[in-house]
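These are the residues of each chain, in order.
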Number of protein chains: 2
Amino acid sequence: MADITKQKIVEQLKEAGVSPSEQRIAVFSFLHHNHIHPTADTIYQSLSPDYPTLSKTTVYNTLKLFVAKRLIQVVAIEDGELRFDVNTDFHAHFKCRECLEVIDLFDIPEPQCPTETQLIAESTQLNFYGICDQCKGKLEEQS
Amino acid sequence: MADITKQKIVEQLKEAGVSPSEQRIAVFSFLHHNHIHPTADTIYQSLSPDYPTLSKTTVYNTLKLFVAKRLIQVVAIEDGELRFDVNTDFHAHFKCRECLEVIDLFDIPEPQCPTETQLIAESTQLNFYGICDQCKGKLEEQS
DNA sequence: ATGTTTATTGTAATGATAACAAATCTTTAA
DNA sequence: TTAAAGATTTGTTATCATTACAATAAACAT
Ligand SMILES: [Mn+2]
Ligand SMILES: [Mn+2]
Ligand SMILES: [Zn+2]
Ligand SMILES: [Zn+2]
């Protein structure tokens, strides 16, 4: 997957004005190496074994800080779960209603807010909801 | 705004296979006459004076039923609040970070999920986040 | 070294939604 | 008409993600 070094991670944090603590490096690394749009809880559960003293509050604090510093973006694709993405460039997402995975779609151009509306858009989210290929196959198998 | 009659409301509910109780008519009417993408709580607070015995659980149940019967759609534009829309046709939304209003944008064509992805999209949400004209004016005034 | 700022932690609070079971209304059919 | 069955509504309680808060610990500066 991603082959970013710890060096680069630390650099990126410093550039954004975020002092690179162990915990922050761990969270940012996880996001860089796992492009699965994880929730705060998923990140916490995944890091816990390696960082036994890590607190869930720290994960929340860290993610909020990263979002404020524009290091990551929030993907609010479904209510009740905030997901996070290291890729801050515009791209669309697809959520499968069966496996609940969120898939990146990079080939869709960013829709533009019509200028005559006088609305100034600062970010755009394009979300598709449906069923992925694998899950479709499994469902057809059953019937 | 909308000038739909109670007759039409009842008809629409029956057509969808929903028996038109007082509460369901009230909720559906509210959505038809107030295109403000309200949350369950906003609907409950708004109807309470006229329907003093109305329960919040009924509002939640009713909205869930309406969504299942495709009478309304969910607008998950921000985490922590589900909003509802009687307009089930595709259209984009704009949320202002100052006044928190959600504005309809009808002139943007529905983006399509690329066919080569093998993903079958059943619905699409296009959300813009930024600042509306009014709020922009107010902020400039202050500085 | 010592005081000051920053980061982390654990616990408690919040707030939206769902689960549940009792109560009431509506429909069915004897 | 009436009584059982089914559907709907209601109030209370539980759940779960997130935030608030205050205490501890670490990093930094004098
Ligand atoms: Mn993504
Ligand atoms: Mn709308
Ligand atoms: Zn799937
Ligand atoms: Zn505004």
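Everything discussed here concerns the structure shown above.
Calculation criteria
- In every chain, residue numbers begin from 1 and rise along the written sequence.
- Each chain gets a letter, beginning with A, and each ligand a number, beginning with 1, in the order they are written.
- Side-chain atom pairs in this predicted model are given and counted only at pLDDT of 80 or more, local residue features only at pLDDT of at least 70, and totals for whole chains, interfaces and linings cover all residues.
- Computation of side-chain values covers all heavy atoms of the structure but excludes hydrogens and water.
- Neighbouring residues are identified by heavy atoms, a residue being near a molecule or strand if any of them is within 4 Å of it.
- The definition of a polar contact used here is a pair of N or O atoms within 3.5 Å, where within protein one atom must be able to donate a hydrogen and the other to accept one, and adjacent residues in sequence count solely through side-chain atom pairs.
- In this text, helices come from DSSP runs of H or I with a minimum length of four residues, and strands from runs of E with a minimum of two, each type numbered from the N-terminal end.
- Gly is placed with the polar residues, together with every amino acid not listed as nonpolar (Ala, Val, Leu, Ile, Met, Phe, Trp, Tyr, Cys and Pro) or charged (Asp, Glu, Lys and Arg).
- Metal coordination here is assigned from N, O and S atoms located within 2.8 Å of the ion, or within 3.2 Å for Na, K and Ca; omission of water means that sites may look incomplete.
- Relative accessibility under 20% of the residue-type maximum defines a buried residue, over 50% an exposed one, and the middle range a partly exposed one, all with a 1.4 Å probe and only protein chains included.

Chemist: Tell me what's going on with the protein's contact with DNA strand C, and back it up with residues and numbers.
Modeler: By nearness alone, 17 residues border DNA strand C, and Ser19, Ser21, Thr53 and Thr58 of chain A together with Tyr60 of chain B come closest of all. Backbone sugar and phosphate groups make up 77% of those atoms of DNA strand C lying within 4 Å of the protein. One nitrogen or oxygen atom from the side chain of Gln23 of chain A is found 2.9 Å from a phosphate oxygen belonging to DNA strand C. Here a phosphate oxygen of DNA strand C sits 2.9 Å away from a polar atom, N or O, in the main chain of Thr53 of chain A. Listed by contribution, the elements that provide at least two residues to the surface near DNA strand C are α2 (22–33) and α4 (56–68) of chain A together with α4 (56–68) and β2 (81–85) of chain B. Residues of the surface near DNA strand C, tallied by class, amount to three nonpolar, ten polar and four charged.

Chemist: Talk me through the protein's contact with DNA strand D; I want residue IDs and the actual numbers.
Modeler: Taken together, 17 residues form the shell around DNA strand D, and within it Tyr60 of chain A together with Ser19, Ser21, Thr53 and Thr58 of chain B come nearest. Among the atoms of DNA strand D close to the protein, meaning within 4 Å, 77% are from sugar or phosphate groups. Taking Thr53 of chain B, its main chain carries an N or O atom lying 2.9 Å from a phosphate oxygen of DNA strand D. One of the side-chain nitrogen or oxygen atoms of Thr58 of chain B is found 2.8 Å away from a phosphate oxygen of DNA strand D. Looking at the surface near DNA strand D, the elements with two or more residues in it are α4 and β2 (81–85) of chain A together with α2 (22–33) and α4 of chain B. For the surface near DNA strand D, the residue count by class is three nonpolar, ten polar and four charged.

Chemist: Account for the coordination of the manganese ion (ligand 2), naming residues and giving values.
Modeler: All names here are of chain B. At this site the manganese ion (ligand 2) is bound by His37 (NE2), Asp85 (OD), His91 (NE2), His93 (NE2) and Asp104 (OD), with donor distances of 2.0 to 2.2 Å. Mapped onto the sequence, the residues coordinating the manganese ion (ligand 2) show the spacing H-x47-D-x5-H-x1-H-x10-D. Comparing Asp85 with His91 shows no difference in burial state: the two are buried.

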